[in-house]
Amino acid sequence: MGLPVCQVWLMLTHFVLSPPPQTAPPTVRIIHSGHACNVEEERHTERVYTIREGETLELTCLVTGHPRPQIRWTKTAGSVSDRFQDSSVFNETLHIAKIQRTQGGRYYCKAENGLGSPAIKSIRVDVYYLDDPVVTVHQSIGEAKEQFYYERTVFLRCVANSNPPVRYSWHRGREVLTQGSDKGVEIYEPFFTQGETKILKLKNLRPQDYANYSCIASVRNVCGIPDRSVIFRLTNKTASPSIKLLVEDPIVVNPGQTVSLVCITTGGEPPPILTWVSSNDSLPQRSVVKGGTLTLPAITSDEAGVYSCVASNNVGNPAKKSTTIVVRALKKGRFWITPDPYHNDDHIQIGREVKISCQVEATPPEELTFSWLKNGRALRSSERMVITQTDPDISPGTTNLDIIDLKFTDFGTYTCVAALKGGGIPEISIDVNISSTTVPPNLTVPRGKSPLVAREGDTVELECLVSGKPKPIILWSRADKEAPMPDGSMQMESYDGVLRIVNVSREMTGSYRCQTSQYNGFNVKPREAIVELIVQYPPTVEPVFMEMRQGLGRPVVMTCRVLRAHPSRVLRFEWLLSNRLLHAGAFDAQRDETEYTIRSLNRDGWGEYTCNVINEAGAGKCTFQVTGKAYPPEFYYDTYNPLWQNRPRVYGFKLQWTQMNPNAVDRIVAYRLGIRQMGLQRWWEQEIPVDGTINKGELMTHNLTELIKPESYEVRLTPITRFGEGDSAIRIVTYREFHCSFEEEPICMFTQDKNDDFDWTRHSAATRDTKYTPNTGPSGDHSGSKQGFYMYIETSRPRKEGDQARLISPFFNVAPKNPYGITNPPAYCFGFFYHMYGKHIGTLNAFLKQKGQTASEGLVWSLSGNQGDRWKQAKVSIHPTSSFQVVLQGIRGPGIEGDIAIDDITLEEGECRDPPPNLSAKALSTSCHIWLLCVTLVLTLLEGQR
C-alpha cells in the first residue's frame, strides 16, 4: 500500500503545466466516438473506422497550435469520386446520423492558423451493410421446351449487396449443400463476379431436386449484422413469366380522356409481380396503378409515350409488353409567301406565279387534313390553283397553294384550315391576304435607337421597324459574339420587332441582330439590321470595406482603387467623414486610384470614411472604418489548464492568452473579464489591470477560482485602450481530471527521458508485429480493446538485463496562497493500470520528482516479477510541496519474456480511496525516509515563524 510521502499542511492555490510556447503551427489528430464497431490502424498511417449502416458517425478533430487553428472537414470517397454531400464542415466535430453506404470514404480534417503549413489528418470510414439476398433461376440455354424444368439443368443464382464481401451457403430443406456432397449438385462462383454471387447448379433434374432451396448470406456477424436468407421453392411447375396486354397498340386518344392500360399474367410460377414503366423516365404523377392496371386520368400531350408492363418472378428473364399512347393535337400554325422563283424580284406581280404555304404540327401526322378557302368559299385544286401537300420527310405538316399566272381577280383572302380526322380537336385556320399591297418586308432601326445607352439594372427595349405586308416574325440574336440571349436561348422571337430586356447587366453590352423570319411573311432572303447596346455602370472599386485600427498620433493612409467603370473617362471622387466633405477632385487619365491621408490621428479622426468614385451611371463607394479598437485576445488551448484547489466542491482554471496585434493601436491598459455559468444569464465582471506594454506573442495568465464542480463556464475577455473596449474573445471552461489513455500520438505531453537506456513504446494489439515475443505483453489495452493503445517496454534484443526506460509526465505546479510558507500540503491520488506478464518480468517503479529539491527522486510505488496475464490497477497518494512530475521507470529483467505495459494514467485531488496493495517493501522504506525529512522541514519552518 502506498504511504503518504509527507504529512505537511499545504494550501494548493493552482496547478498548471510547464509554460507553453508563445506561438505554434497547427497539429491535428482525429478521435472517434459514435457507434463504431471497429477502429484499426492499417499498415503505417491509414486509420480505418468501421461502422454499421444506419448508425451515427462522430469524428472529432483535436487541434493544437496558437493562434487557435481554423478547422475544416472534407471528404473524398474510397472507391469513386464523390463530393461531400454536406459540403465542407467548419467545426471540430463531424456528425452524421443514420450514415448510409454512399457516405463511406476518406474524411480529412484540415487545421490552419497561418503559421507553417496546414496540418491534415485523414481517416477512412468503412460502412458495413448486408441487403436481403435475391435468388434468380435460369435454365441452360437451348434446352427450353414446353416443360421448363422437366429433366433439365437448372441454375439458381444468389446475389446480395454487402460490405464486407458476403459468404453464401445453400440449403435444400434442412440439408446443407456443399461441393461434392451430392453428385447431382454443383456449387461454384463465376470467375468474373469476384465473389458477388454463388451459383447452385442442378444437373439433369431429379425428383428429389424439387424442393425448398435456401440461400443464406453472411458477413460473419461483423458490426453485429445478422445473416440474411431467402427461400425459393422449385417445383415441376416453375416457369418464367408470360403476360398479355388487353389494349391496342398504338392507343390514340384526345386530351382530357382517361386511359386505362390492362396487363394480365398468362403464365409463370411463382406468380409474377407486375410493374409499369414509362419512356418518360417516370410514370405521370396523377397515374394510378392497381394490380396490373395503369390508369391515366385526364391525359395531356406531355404524358404521351411508350408504356411497358414488366412481369418478374426471378425465373428466367422478365417478360415485357409495350404500347404507345398517342395524344391527338394541333399546334403552331404558320404560313409563308414565296414569289415567282424564276424572276429576280421579291414582289408579287400580275402574270407571275405565287405560292402560299401553310404548316402545322399534328399528332398523329397521318390524321392531318388540309382544306383551302378563298374569301370564305371552298377552293378546289385546278390548273391555275394547284393544291399540293409537301413530302412529310422534307417538310412535315405542310400544304401549298400554287397560283399560276396571277390575275387581278385572284386578289383576296386565302384561308388554310388544318384538322384531324375524327374531330375532337379544334381546327387551326390561317388567313393570308394576297393583294396589290402585299409586299416583301424591310427592316430599319428607328432614329436615336442605336446605339442605345442604358444604365445597369434598367429595363431596355431594342427596336427594329418592320415594313411590308404581311409583317413577319422577327428573330433576335447576338451579332458580335456567339453568346446566348437574356432568356438563355441563342435566338428570341418577336412579333412586333421589339426585344425587351429586364434588369440589363454590363455583360449584355454589344451588337444585336434583328432578322426577318420566313414565317408569317415572305419566303425571301432575310432582311436584317444591327442595334448597338451600351450598358453604363457605376465604378467597381476596392476595398468595399476595410477596418483600419490605429493608435492616436499615428498616420493613416486610405486608398480607393477603381477596377472598372463605364464610362471610364470622366471620373470624379469625393472623400467624406460621416457625410462631411473632406476632399474632392477628378481622376488623372494615368491613375486609377485616389488617396486620403491623416497625418496624425486624433480622437476626432475616428469614424467611418467614405470615398465616392462617380461617373454618369452612379457611384462606387470605398468605406474605411478608422478605429482605435483593440484586436481580440487569442486564448491558449494547448496546456492542461484546470487548477485544483484541494477543496471538494470547487476548482480553479488558469486562463492563458496572447494579444492579437497589440501594437496596432494604443497600449492596452486593462482587460474586462466576464464569466457566467453555462445555462445561466447573469455575467460576473471584473477588470484585470495591465502594467507596461504587451509584446506580440507574450503569454498572459489569470487564475479563475471558486468555480463549482463539475459545472462549465463561459468566459469573455475584452481588451481596453484609451479608445474604449476592443473586440472580445469567448471560450468555454470545462472541469476535468487528468487522464491519459495514450490513444493519441502526443501521449498527453509525457516525454521520454533522454538519459535512460531505451524508450517506452506506444502500441496497440491490433498493429503488433506478428513476430512479437509470445508469452509476454497484453493482448489488448486496459479496456480489452485490440485497437486501444498503451505504453510498454520491448525487452527483446538488443536490450539486456538492468536496462531502464523512463517516461516523465509534464510539470504540475503547486503554488501556496500563504506567502510566508506552506502550511498544509495538498494530497493527490496518482493511479495507473499495469500489465506485468512473463517469466522474465523485471521491475516497474513510480517516482515523485519535485522541482527545486536537491534530494533524489522519491520512490512512491514499486513492483517486480510476473503478475499474471491481466491488467491490474495501482493507486498511491502523493503530497508534493512544489511543482512536480511523475516518472514511470521500467527495468528489463533477465530475458526476452519481460514486456511491461501501462495504461490509463490518472491524477485526482485528494487521498486515494482503498488503494490496491501493490507497494513493495523497498518503496515503503523509502516513503518513510521521505516522511522523516518532511517532518524535519516542518519543524524548521515553525521555528522560523516564532
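Everything numeric here is computed off the predicted structure, so don't read it as measured data. (Residues numbered from 1 in each chain as written. Predicted model: local features only at pLDDT ≥ 70, side-chain atom pairs only at ≥ 80, totals over all residues. Heavy atoms only, no water.)

Participant: Help me understand the overall build of the chain, please; the structure alone is not making it clear to me.
Facilitator: Of regular secondary structure, the chain possesses one helix and 70 strands. Within the chain, the fraction of its 946 residues that count as buried is 47%. Taking all contacts inside the chain whose residues are at least 6 apart in sequence as the whole, residues at least 24 apart take part in 71%. When the accessible surface of the chain is split by element, carbon and sulfur atoms take 49% of a total near 48400 Å². (Helix = DSSP H or I, 4+ residues; strand = E, 2+ residues; numbered from the N terminus. Buried < 20%, exposed > 50% of the residue type's maximum accessible area, 1.4 Å probe, protein only. Contact = heavy atoms within 4.5 Å. Areas by Shrake-Rupley, 256 points an atom, 1.4 Å probe, with all protein chains shown as cover.)

Participant: Got a minute to help me understand the side chain of Thr-399 in this structure?
Facilitator: Position of Thr-399 among the secondary structure elements: in strand 31 (residues 398–403). Judged by its relative accessible area of 2%, Thr-399 falls in the buried class. A distance of 3.0 Å separates a polar side-chain atom of Thr-399 from the backbone oxygen of Thr-388. Every residue in contact with Thr-399, bar those within four places of it in the chain, is listed here: Ile-356, Ser-357, Cys-358, Phe-370, Trp-372, Ile-387, Thr-388, Gln-389 and Cys-416. (Polar contact = N/O pair within 3.5 Å; in protein donor to acceptor, adjacent residues only side chain to side chain.)

Participant: Where do I start with the side chain of Gln-850 in this structure?
Facilitator: Within the fold, Gln-850 resides in strand 66 (residues 843–850). A polar contact is formed between the side chain of Gln-850 and the backbone nitrogen of Thr-881, at a distance of 2.7 Å. In contact with Gln-850, other than residues within four places in its own chain, are Pro-880, Thr-881, Ser-882, Ser-883 and Phe-884.

Participant: Help me understand the pairing of strand 69 (residues 884–891), please; the structure alone is not making it clear to me.
Facilitator: Walk down a regular strand and you will see the side chains alternate between the two sheet faces. Most of strand 69 is tucked away: eight of the eight residues are buried. Here strand 69 shows two buried faces, one formed by Phe-884, Val-886, Leu-888 and Gly-890 and the other by Gln-885, Val-887, Gln-889 and Ile-891. Bridge analysis of strand 64 (residues 804–808) against strand 69 gives five bridges, and the strand direction is antiparallel. Along strand 69, the bridge assignment pairs Ile-808 with Val-887. Strand direction decides the pairing type here: strand 66 and strand 69, joined by eight bridges, are antiparallel. Directly across from Lys-849, in strand 69, lies its bridge partner Gln-885. (Pairing = 2+ DSSP bridges.)

Participant: How do you make sense of the nonpolar core when you look at a structure like this?
Facilitator: When a protein is soluble and globular, its nonpolar side chains tend to lie buried together. Residues Trp-760, Phe-830, Phe-832, Leu-844, Trp-861 and Ile-902 are the most contacted members of the largest nonpolar core, which totals 34 residues. The element contributing the most residues to this core is strand 65 (residues 828–836), with five residues. In terms of nonpolar packing, the next biggest core, distinct from the first, is built from 28 residues, Phe-335, Val-360, Leu-379 and Leu-401 among them. (Core = buried A, V, L, I, M, F, W, Y, C linked by side-chain atoms within 4.5 Å.)

Participant: I tried to follow the sheet that holds strand 30 (residues 385–389) on my own but got confused; where do I start?
Facilitator: Note on sheets: strands pair through backbone hydrogen bonds, and any given pair is parallel or antiparallel. Strand order in this open sheet of five strands is 30-31-27-26-42, and the pairing throughout is mixed. The open sheet has two free edges, formed respectively by strand 30 and strand 42 (521–522), since each of these has just one partner strand. With five bridges connecting them, strand 30 and strand 31 associate as antiparallel partners. Among the inter-strand pairings, Met-385 is bridged to a residue of strand 31, identified as Ile-403.

Participant: Teacher, can you tell me more about the state of the cysteines here?
Facilitator: What makes a disulfide is a covalent bond joining the sulfur atoms belonging to two cysteines. In this structure the tally under the stated criterion is seven disulfides. Each sulfur in the disulfide pair Cys-464 and Cys-514 lies 1.9 Å from the other. Judged by the sign of its S-S torsion, about -80 degrees, the bond between Cys-464 and Cys-514 is left-handed. Of the two residues, Cys-464 is situated in the loop between strand 36 (460–463) and strand 37 (465–469) and Cys-514 in strand 41 (residues 510–516); the sequence distance between them amounts to 50 residues. Judged by relative accessible area, which is 2%, Cys-464 ranks as buried. Using a relative accessible area of 0% as the deciding quantity, one classes Cys-514 as buried. (Disulfide = S-S within 2.5 Å.)

Participant: It is not clear to me how the pattern of salt bridges should be interpreted in this structure. Could you clarify?
Facilitator: When charged atoms on two side chains of opposite charge get close, those side chains can pair. By the definition in use, this model includes 36 salt bridges. The partner of Asp-132 in a salt bridge is Arg-228, and the shortest N-O contact between them spans 3.1 Å. Residue Asp-132 is found in the loop between strand 8 (119–130) and strand 9 (134–139), and its partner Arg-228 is found in strand 17 (residues 228–233); the two are separated by 96 residues along the sequence. When the shortest N-O distance is used, the salt bridge between Arg-591 and Glu-593 registers 4.0 Å. (Salt bridge = Lys/Arg side-chain N within 4 Å of Asp/Glu carboxyl O.)

Participant: Sorry if this is basic, but what is going on with the packing of aromatic side chains here?
Facilitator: Two aromatic rings are characterised by how far apart their centres lie and by the angle between their planes. Going through the model one piece at a time under the given rule, you end up with 18 aromatic pairs. Ring geometry for Trp-657 and Tyr-671: centres 5.3 Å apart, planes at 75 degrees, overall edge-to-face. One end of the pair, Trp-657, is in strand 53 (residues 650–659); the other, Tyr-671, is in strand 54 (residues 670–677), with 14 residues separating them in the sequence. Like Trp-657, the residue Tyr-671 is buried in the burial classification. Taken together, the ring pairs in this structure connect Trp-575, Tyr-596, Tyr-609 and Phe-624 into an aromatic cluster. Of note, Arg-506 hangs over the ring of Tyr-537, and the distance from its end group to the ring centre comes to 3.8 Å. Directly above the ring of Phe-789 sits Arg-762, whose terminal nitrogen or CZ lies 3.7 Å from the centroid. (Phe/Tyr/Trp six-rings, centres within 6.5 Å; stacked < 30°, edge-to-face > 60°. Lys NZ or Arg CZ within 6 Å of the ring centre and 35° of its normal.)

Participant: Is there a simple way to think about the sheet that holds strand 12 (residues 167–172) in this case?
Facilitator: The strand order across the open sheet formed by four strands is 13-12-16-17, and the pairing between neighbours is antiparallel. Either end of the sheet is taken by a strand with one partner, and the two such strands are strand 13 (175–177) and strand 17. Strand-to-strand, the axes of this sheet are offset by a mean angle of 30 degrees, without reference to chain direction. The sheet contact formed by strand 12 and strand 16 (residues 212–218) spans six bridges and is antiparallel. Paired with His-171 across the bridge in strand 16 is Ser-214. (Axes fitted to C-alpha atoms, helices over the stretch in contact; angles between N-to-C directions.)

Participant: Looking at this model, I keep getting lost on the confidence of the model for the chain. Mind explaining?
Facilitator: Predicted coordinates in regions of low pLDDT should not be interpreted in detail. In this model, the chain carries an average pLDDT of 85, and 86% of its residues clear a pLDDT of 70 or more. Contacts for the low-pLDDT stretch residues 1–20, under 50 throughout, to residues beyond four places or in other chains number 98 contacts. Throughout residues 77–87 the model reports pLDDT below 50, and contacts reaching past four residues in sequence, or to other chains, amount to 19 contacts. (pLDDT = per-residue confidence, 0-100.)

Participant: Explain the environment of Val-386 to me, please; I cannot follow it from the model alone.
Facilitator: Tracing the sequence through the fold places Val-386 in strand 30. Spatially, the C-alpha atoms of Val-386 and Lys-355 are 9.3 Å apart, while their sequence positions differ by 31 residues. Every residue in contact with Val-386, bar those within four places of it in the chain, is listed here: Ser-381, Asn-400, Leu-401 and Asp-402.

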